[in-house]
Amino acid sequence: MKKISIIVPCYNEQTAIPLFYKAVQQVYQTQIQPLWPQYQLEYWFIDDGATDETLVTLQQLVCQDSDHVHYVSFSRNFGKEAALYAGLQHATGDLVVVMDVDLQDPPALLPQMMSGVLTEQYDVIGVKRLDRQDEPVICSLCSRLFYWFINQISMTKIEQGARDYRMMTRQVVDAVLDMPEYNRFSKGLFSWIGFRTKYLSYENQERVASTTHWSFWNLVNYSIDGVIDFSDKPLAMASFLGIISFIIAIGALIFIVGRAWLFGDPTGGWPSLVAITLMLGGLQLFCLGIVGKYISKSYLESKRRPIYISKDER
Ligand code: UDP
Ligand code: MG
């Protein structure tokens, strides 16, 4: 028998979990089992320190289907990236799928993913959503800007609109697990390892239950992490900005000294002086902030703390 592991990070998802399980089971029984009877399903739900009844719901599910359902429960909320890592570590399948529990990642795509891997010989089948119509304009604009920017400055290409939903072979999973870094930006990691990848497109889906855990500022921070984790160009940009403003300042100085010498204007221009001082001060703080961000990342990385702490697993 071969196995497909399904990794599902869950944070306060008590209502979504049973619906998710039912939906995936249905796709498995009607569309996967008849075509690939040698493949069995294995679920790894990761309770990411939920504060609702997520763990109880998972325990009930394990009682109901103990052969196929497993869970790992974290001691606190470590974030989705940590949950994915825990899932990849625990999964034993020949094929591994990462899915959100809210059914925004449609299980109906699973058979297509299977045939992509098994018949077309892809190593990874990713998914990207087509439209962003349900989203506020500002969010979709920012997201486009983020993808454009990160692809400009980073060697690792990140697919526009790609979700974390993907199916991968065991070889790919092992490659991801070989990167035990603390600052995990999955979209970047999955792209960095390479392998033959195909993207399926689909229309965006609504969440089945509860609400998203991402606020606008979460997303902004996530984007900054994505840039910092996969590129050192911002550091070079900081130096570049410094050099440019130095050159402009020298030019302006020559101009001002020359003008005072020729026409005499000893006190004029102090407002512009204040403006320039403020601008340079701001620029310096901005660049210091960029440097600080990298230092804090290496600081966290050098502590070698575990990516998650598991309290209970079954
Ligand atoms: N999630 C998690 N830990 C967190 C936040 C979210 O494990 O700290 C899980 C959540 O339960 C869901 C998935 O990550 O299964 C995606 O979360 P969400 O639907 O809020 O994100 P969105 O789909 O809006 O990007
Ligand atoms: Mg979601």
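Residues numbered from 1 in each chain as written. Chains lettered and ligands numbered in written order. Predicted model: local features only at pLDDT ≥ 70, side-chain atom pairs only at ≥ 80, totals over all residues. Heavy atoms only, no water.

Draft legend 1. Quick look at the coordination of the magnesium ion (ligand 2). Distances from the magnesium ion (ligand 2) to its protein donors, Asp 102 (OD) and Gln 104 (OE1), fall within 1.9 Å. Using a relative accessible area of 4% as the deciding quantity, one classes Asp 102 as buried. Its relative accessible area of 16% is what places Gln 104 among the buried residues. (Donors = N, O, S within 2.8 Å, 3.2 Å for Na, K, Ca; no water. Buried < 20%, exposed > 50% of the residue type's maximum accessible area, 1.4 Å probe, protein only.)

Draft legend 2. Quick peek at the environment of Arg 170. You can see Arg 170 is positioned in helix 6 (residues 170-177). Considered as a pair, Arg 170 and Phe 74 are 96 residues apart in the sequence and their alpha carbons are 24 Å apart. Ignoring sequence-local partners within four residues, the contact set of Arg 170 consists of Ala 91, Thr 92, Gly 93, Asp 94 and Val 96. Reaching out from Arg 170, the side chain makes a polar contact with the backbone oxygen of Ala 91 at a distance of 3.1 Å. (Helix = DSSP H or I, 4+ residues; strand = E, 2+ residues; numbered from the N terminus. Contact = heavy atoms within 4.5 Å. Polar contact = N/O pair within 3.5 Å; in protein donor to acceptor, adjacent residues only side chain to side chain.)

Draft legend 3. Here's a closer look at the nonpolar core. Ile 4, Ile 6, Phe 20, Tyr 43, Phe 45, Leu 110 and Met 167 are the most contacted members of the largest nonpolar core, which has 41 residues in total. Per-element accounting of this core gives the leading share, eight residues, to helix 1 (residues 16-32). With near-sequence residues (within four places) excluded, Tyr 43 lies in contact with Ile 6, Phe 20, Tyr 21, Val 24, Gln 25, His 68, Val 69 and His 70. Ala 86, Ala 91, Val 172 and Leu 189 belong to the second largest nonpolar core, which has 36 residues in total. (Core = buried A, V, L, I, M, F, W, Y, C linked by side-chain atoms within 4.5 Å.)

Draft legend 4. Structural context of the sheet that holds strand 6 (residues 162-169). An order of 7-5-6-4-1-2-3-8 is seen for the eight strands of this open sheet, with the pairing classed as mixed. Taken across any chain shown, the strands that pair with only one partner, and hence form the sheet edges, are strand 7 (197-202) and strand 8 (310-313). If you compare each strand with its neighbour and ignore which way they point, the axes differ by 20° on average. Strand direction decides the pairing type here: strand 1 (residues 2-10) and strand 4 (residues 95-98), joined by four bridges, are parallel. Residue pairing across strands places Ile 6 opposite Val 97, the latter belonging to strand 4. The strands that helix 1 touches are strand 1, strand 2 (39-47) and strand 3 (69-74); relative to strand 2, the one it contacts most, it runs at about 165°. (Pairing = 2+ DSSP bridges. Axes fitted to C-alpha atoms, helices over the stretch in contact; angles between N-to-C directions.)

Draft legend 5. Layout of the environment of Cys 287. Position of Cys 287 relative to the elements: it lies in helix 10 (residues 270-302). Distance from Cys 287 to Ser 239, taken between C-alpha atoms, is 8.0 Å for residues 48 residues apart in sequence. With residues near it in sequence (within four places) discarded, Cys 287 still touches Ala 238 and Leu 241.

Draft legend 6. Structural context of the packing of aromatic side chains. If you walk through the whole model with that rule in mind, you get 11 aromatic pairs. Each ring, one from Tyr 43 and one from Phe 45, has its centre 5.8 Å from the other, and the planes form 10°; the classification is stacked. Among the aromatic side chains, those forming a connected cluster through ring pairs are Phe 146, Tyr 147, Phe 185, Trp 214, Tyr 222 and Phe 230. In this structure, Arg 76 packs its charged tip against the face of Phe 78, placed 3.9 Å from the ring centre. A cation over a ring is seen here: Arg 196 above Tyr 122, with NZ or CZ 4.3 Å from the ring centre. (Phe/Tyr/Trp six-rings, centres within 6.5 Å; stacked < 30°, edge-to-face > 60°. Lys NZ or Arg CZ within 6 Å of the ring centre and 35° of its normal.)

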